[in-house]
Amino acid sequence: MAEKTYTFRVQRNKVTGDGKVESRWQDYQLAAEPTTTVLICLEQIKGHQDGTLTYRMSCRSAICGSCAMKISGRTRLACKTHVEKVADANGVIRVSPMTNQPILKDMVVDIRPFYNHVLKIKPYLQEGSETDTNVGRSSYDQVNHVTQCIMCGSCYSDCTMAEVSDKFVGPAALAKAFRFVSDPREGKKTARLRELSEENQMWSCCRCAQCVETCPKDVKPMEAIVKLRARGMQKGYVDGPGPKHALAFHGDIQKTGDLNEFTLMQRTIGIVGTLGELGMALHLMKKGKIPSPFPHKVEGVEELGNIYRILEENPLDVETKAKEVAPE
Amino acid sequence: MSLEFSFYPGCAGKQVQKEAKSAAHAVARELGITLHPMPRASCCGAVSLRESKLAFSLAVAARILSEAEAAGRNICTICNTCLQTLSHANYRFKREPDVLEKINGVLKKAGVRPYGATIKVQHLLWVVTDQVDQKLLKSKITRPLKGLKVAPFYGCHNLRPSEIYESKAGDEADHLDRLITTLGGSPVSYSGSRKCCGFHVMLSDPTEMRSMVAKNCLDAKGEGAELMISPCTLCDMSLNAYQMPAEKVVGKKIDLPEMNFAQLLGASMGLDAAELGLERLHVDPRPVLKSKGV
């Protein structure tokens, strides 16, 4: 394939004496083939044009996770990203550091906030009463979804909840938590689910699915979060607004088919919480945005009741399963 | 091409955001799109049902999809979360025959027509930008936006996970940008356009939700946006009805009118403001529209 000249618009960052970050954009021109990786281009620029350009890298093979950075709007591994895929119509590729973590220099960020969240979920097997020594083939069905994670922090960098809350543990930590909850050898599965049901854990994910899109290893963290929530509710951790909201749906669908939005708030955050939201209710009422307390019944609503009853009597396992990995 | 759909407006479109539904009907009528009602369709259950009762959520989705399939039509919706929920189930039914068989077994026992996994789930925005004859669309624009700077807000569940959708999705989706251009407006590029409106954490994390609303709107305003549009009734609720509460959280005035894409489309077609429900919006878009003669 023919070479083409690309413009790398790179954010140069410097921490000044008073701890503030000074940012500017610097352009570098480089001829490359469309399938050359962004990392190879950065290496060329650093080697031949500007030795002061600073970024992390190591394996060049999407295994170590060091070279995660924001490339043309999204966090990606520079070693896994072809230039043509991220160049705009003018051949410009924007490169900047990961977000939601403090900048140290150029593309290098302090990854401690990310790792501290991961440490919070105790990323190791614990001994306890729930340890099962019988590890069958089906044990991998769920565990294998998330073991591909390389802790590059890309999902945390693009997480829309982490952007507004540094308390939220984030997608990678929760995917890791799911891996331990699903592992038969883990001794404290229930205790994990109890802790994950607390504030800023699994129920604070806003389900934007950006992590599913961003993850360079196809871990699909949000899918793991959805499954964690299901397991938490099955264990009876249903006190917070998140689970209460989730549980409100199936009752309504069986009874009328439609969601009763009028009582949804009270069922999610309780009477006291609802009173606290009275100002909001008045604000919404000004424009007639208060749902009817008498939801409409859909035709054939008895079918929904039948479906629900059949499934309660004969539960179906329809969870997605990881692809089986045969030993080599 | 026949533009006949089974219309699935979603719970918000039926009640709190009914202006979006009314606007959808109005623009569909003008563009030769027929939106047939789905009298048997229930709430899709959103991700909430998938979390609490996974098999039930798939069966509920299959029952909805089956109603449209029996009528020989694809589904068209105006709610991103309904779009994602139904697309997600449909994606699995089309790829996992064993799951479809199990769910159909339940439907049959419950007296519901089994689903054959033959239909598509579409968003009205995709229909307008990809299926309607663009010459016809242009001919209907009697009040062009005269370069009005409009921020497209796509909404997560219109985009991700991109693999499940039967149209351009993820970073590739450009429907709103194209529509704004067609209407004579100027699409604003800003970092929030594919981020989260916060709707689904409105009650569990109210401060964070309001911060998201403020961030997205201020970001768009910072890039010069005079108006914001979204294809989703839930994003509309967050970005418009919750904009003033969001101002209180961040201590900054925002004042960026936001409306459903069908409302803006209808306005530039010169349709009646009452039919488009413009008076139901907390941050009123009428002054800025008026300034451009719309």
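Residues numbered from 1 in each chain as written. Chains lettered and ligands numbered in written order. Predicted model: local features only at pLDDT ≥ 70, side-chain atom pairs only at ≥ 80, totals over all residues.

Undergrad: Sorry, what's going on with the overall build of chain B here?
TA: Scanning chain B from N- to C-terminus turns up 15 helices and eight strands. For 294 residues, the compact-globule estimate of 2.2 N^0.38 gives 19 Å, and the C-alpha radius of gyration of chain B, at 19 Å, lies within 12% of that figure. Overall, chain B is about 60 × 45 × 30 Å in size when its C-alpha atoms are taken along their principal axes. Expressed as a percentage of the 294 residues in chain B, the buried residues total 65%. Sequence-distant contacts, at least 24 apart, represent 80% of the contacts inside chain B between residues at least 6 apart. (Helix = DSSP H or I, 4+ residues; strand = E, 2+ residues; numbered from the N terminus. Rg over C-alpha atoms; globule rule 2.2 N^0.38 Å. Buried ≥ 20, exposed ≤ 12 C-beta atoms within 10 Å, placed from the backbone. Contact = placed C-beta atoms within 7 Å.)

Undergrad: Hey, could you run me through the sheet that holds strand E5 (residues 149-152) of chain B in this one?
TA: Either a parallel or an antiparallel arrangement is found when strands of a sheet pair, and the pairing is made through backbone hydrogen bonds. Residue and element names in this part refer to chain B. An order of E6-E5-E7-E8 is seen for the four strands of this open sheet, with the pairing classed as parallel. At either end of the open sheet lies a strand with only one pairing partner, and these are strand E6 (186-187) and strand E8 (258-260). Relative to strand E7 (residues 227-230), E5 is paired through three bridges, and the arrangement is parallel. The partner of Val150 across the bridge, within E7, is Leu227. Most of the contacts of helix H9 (residues 175-182) go to E5, to which it runs at about 160°, and overall it touches E5, E6 and E7. Helix H13 (residues 261-268) contacts E7 and E8 of the sheet and is inclined by roughly 85° relative to E8. (Pairing = 2+ DSSP bridges. Axes fitted to C-alpha atoms, helices over the stretch in contact; angles between N-to-C directions.)

Undergrad: Quick question: what am I supposed to make of the sheet that holds strand E1 (residues 4-8) of chain B here?
TA: All names here are of chain B. Strand order in the open sheet formed by four strands is E2-E1-E3-E4, and the pairing between neighbours is parallel. In this open sheet, the two strands that pair with only one neighbour each are strand E2 (34-36) and strand E4 (121-123). Neighbouring strand axes in the sheet, compared pairwise and without regard to direction, differ in orientation by 45° on average. The pairing of strand E3 (residues 74-77) with E4 spans three bridges and is classified as parallel. The residue bridging Cys76 from the neighbouring strand is Gln122, located in E4.

Undergrad: What should I look at first to understand unusual backbone geometry in this one?
TA: In this chain, Arg160(B) is followed by Pro161(B) through a cis amide linkage whose omega measures -10°. A positive phi angle, close to 65°, is found at Asn100(A), a residue other than glycine. Its location among the elements puts Asn100(A) in the loop between strand E5 (92-96) and strand E6 (103-105). Residue class for Asn100(A) comes out buried when judged on the 22 C-beta atoms lying within 10 Å of it. Unusually for a residue other than glycine, Ala117(B) sits at a positive phi of about 55°. Checked against the element boundaries, Ala117(B) lands in the loop between helix H6 (97-109) and E4.

Undergrad: Looking at this model, I keep getting lost on the nonpolar core. Mind explaining?
TA: The nonpolar side chains of soluble globular proteins are, as a tendency, buried together. Ranked by size, the top nonpolar core spans 198 residues in total, and within it Leu174(A), Ala59(B), Ala62(B), Leu86(B) and Met228(B) carry the most contacts. Broken down by element, this core gets its largest block of residues, eleven residues, from helix H4 (residues 54-70) of chain B. (Core = buried A, V, L, I, M, F, W, Y, C linked by C-beta atoms within 7 Å.)

Undergrad: So what exactly am I meant to see when it comes to the packing of helix H7 (residues 171-181) of chain A against helix H10 (residues 221-234) of chain A here?
TA: When two helices pack together, their arrangement is given by the angle between the helix axes and by the axis-to-axis distance. Residue and element names in this part refer to chain A. Axis separation between H7 and H10 bottoms out at 8 Å; the angle between their running directions is 50°. Compared by their axis directions, H7 and H10 come out oblique. Where H7 crosses over H10, the handedness of that crossing is left-handed. Contacts between H7 and H10 involve Pro171, Ala172, Leu174, Ala175, Ala177, Phe178 and Val181 from the first element and Pro221, Met222, Ala224, Ile225, Lys227, Leu228 and Arg231 from the second. When the residues that make up the contact of H7 with H10 are grouped by side-chain class, the tally is twelve nonpolar, no polar and two charged. (Parallel < 35°, antiparallel > 145°, perpendicular 65-115°, else oblique. Left-handed = near helix turned anticlockwise from the far one by under 90°. Nonpolar A, V, L, I, M, F, W, Y, C, P; charged D, E, K, R; others polar.)

Undergrad: Is there a simple way to explain the interface of chain B and chain A in this structure?
TA: How large an interface is tends to be reported as the accessible area lost when its parts come together. Of the residues lining the interface, 55 residues belong to chain B; the matching set on chain A comes to 57 residues. Elements with a contribution of two residues or more to the side of chain B that touches chain A: helix H3 (46-52), H4, H6, helix H10 (206-222) and helix H12 (243-250) of chain B. Of the residues belonging to the side of chain B that touches chain A, the class tally is 28 nonpolar, 13 polar and 14 charged.

Undergrad: Would you take a moment to explain the domain arrangement of chain A for this structure?
TA: Splitting chain A by domain gives domain 1 (4-108), domain 2 (112-234) and domain 3 (255-313). Computed from C-alpha coordinates alone, the two centres of domain 1 of chain A and domain 3 of chain A are separated by 48 Å. (Domains from an automatic or database assignment.)

Undergrad: Please clarify how the environment of Ala177(A) should be interpreted in this entry.
TA: Residues and elements named next belong to chain A. With respect to the secondary-structure elements, Ala177 resides in helix H7. When the C-alpha atoms of Ala177 and Gly240 are compared, they prove to be 19 Å apart, with 63 residues separating the residues in sequence. Not counting residues up to four positions away in its chain, the partners in contact with Ala177 are Ile121, Arg192, Leu196 and Leu228.

Undergrad: Please clarify how the pairing of E7(B) should be interpreted in this entry.
TA: Successive side chains on a regular strand alternate, one facing one side of the sheet and the next facing the other. Residue and element names in this part refer to chain B. In E7, alternate side chains face the same way, and those of Leu227 and Ile229 on one face and Met228 and Ser230 on the other are all buried. Both E7 and E8 contribute to a ladder of three bridges, which runs parallel. Residue Met228 lies in a different strand from E8, and its bridge partner there is Glu258.

Undergrad: Is there a simple way to think about the environment of Ile290(A) in this case?
TA: All names here are of chain A. One can find Ile290 in the loop between helix H13 (278-285) and helix H14 (301-313). Residue classification places Ile290 among the partly exposed residues on the basis of 15 C-beta atoms within 10 Å. With 49 residues separating them in the primary sequence, Ile290 and Pro241 have C-alpha atoms 20 Å apart. Filtering out sequence-adjacent residues up to four positions away, Ile290 remains in contact with Ala281, Leu284 and Met285.

Undergrad: In this structure, what is going on with the packing of helix H7 (residues 124-131) of chain B against H9(B)? I would like to understand it.
TA: Residues and elements named next belong to chain B. Viewed as axis vectors pointing N to C, H7 and H9 meet at an angle of 60°, and their least axial separation amounts to 10 Å. Taken as axis vectors, H7 and H9 run oblique relative to one another. Viewed along their axes, H7 and H9 form a crossing whose handedness is left-handed. Each of Leu125, Trp126, Val128 and Thr129 in H7 lies in contact with H9, whose residues at this interface are His175, Leu176, Arg178 and Leu179. For the contact of H7 with H9, a count of residues per class yields five nonpolar, two polar and one charged.

Undergrad: Explain the pairing of E1(B) here, please?
TA: Residue and element names in this part refer to chain B. When you tally the buried positions in E1, you get four out of five residues, the bulk of the element. The pairing of E1 with E2 spans three bridges and is classified as parallel. The partner of Phe5 across the bridge, within E2, is Leu35. Bridging between E1 and E3 involves four bridges; their strand directions are parallel. Paired with Tyr8 across the strands is Thr77, a residue of E3.

Undergrad: Hey, could you run me through the domain arrangement of chain B in this one?
TA: All names here are of chain B. Here the domain parsing of chain B yields domain 1 (4-123) and domain 2 (136-291). If you average the C-alpha positions of domain 1 and of domain 2, the two centres end up 24 Å apart. Of the residues lining the interface, 28 residues belong to domain 1; the matching set on domain 2 comes to 27 residues. Ranked by residue count, the leading element in the side of domain 1 that touches domain 2 is helix H2 (residues 18-31), at ten residues. Taken together, the residues of the side of domain 1 that touches domain 2 sort by class into 13 nonpolar, eleven polar and four charged.

Undergrad: Got a minute to help me understand the environment of Ser238(B) in this structure?
TA: Tracing the backbone shows Ser238(B) in helix H11 (residues 233-241). Separated by 50 residues in sequence, Ser238(B) and Val188(B) place their C-alpha atoms 20 Å apart.

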